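These are the residues of each chain, in order.
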Amino acid sequence: MIVRWRKSSYTGGANDNQCVELGRLAPGAGIGVRDSKDPGGGHLTLSSVQFASLIEQIKQDSAR
């Protein structure tokens with residue numbers, strides 16, 4: 001299966017130095033998160049539950 005990576009919608013544009021890409025891995029394998037500046041450098045694998053928890057934590061931290 002080919003992973004189709006997409007940039008975060010929160011990227012600041014072409015010159016943004018802090019951007020991540022997300023990709024749905026093989027069925028049941030979770031979601032990959034990688035550095036868009038180093039796509040060959042590997043990725044962090046999160047389950048759907050872990051990914052949802054990460055997003056919720058980011059939202060809470062942003063609201064502070």
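Calculation notes
- Residues numbered from 1 in each chain as written.
- Predicted model: local features only at pLDDT ≥ 70, side-chain atom pairs only at ≥ 80, totals over all residues.
- Heavy atoms only, no water.
- Core = buried A, V, L, I, M, F, W, Y, C linked by side-chain atoms within 4.5 Å.
- Buried < 20%, exposed > 50% of the residue type's maximum accessible area, 1.4 Å probe, protein only.
- Contact = heavy atoms within 4.5 Å.
- pLDDT = per-residue confidence, 0-100.
- Helix = DSSP H or I, 4+ residues; strand = E, 2+ residues; numbered from the N terminus.
- Pairing = 2+ DSSP bridges.
- Axes fitted to C-alpha atoms, helices over the stretch in contact; angles between N-to-C directions.

(A) Summary view of the nonpolar core. Counting five residues, the largest nonpolar core consists of Leu22, Ile31, Val33, Leu46 and Phe51. When near neighbours in sequence (up to four residues on either side) are disregarded, isoleucine 31 contacts Gly23, Arg24, Leu25, Leu44, Thr45, Leu46 and Phe51.

(B) Expanded view of the confidence of the model for the protein. Per-residue confidence for the protein averages 87 on the pLDDT scale, and 88% of its residues sit at or above 70. Mean pLDDT across the secondary structure elements of the protein bottoms out at strand β1 (residues 6–7), with 89, and peaks at strand β4 (residues 44–46), with 97.

(C) Spotlight on the sheet that holds β4. The antiparallel open sheet is built from four strands, whose spatial order is β1-β2-β3-β4. What marks the edges here is a single partner per strand, and that holds for β1 and β4. The sheet strands contacting helix α1 (residues 48–63) are β2 (20–24), β3 (31–35) and β4, and the helix crosses β4 at an angle near 100°.

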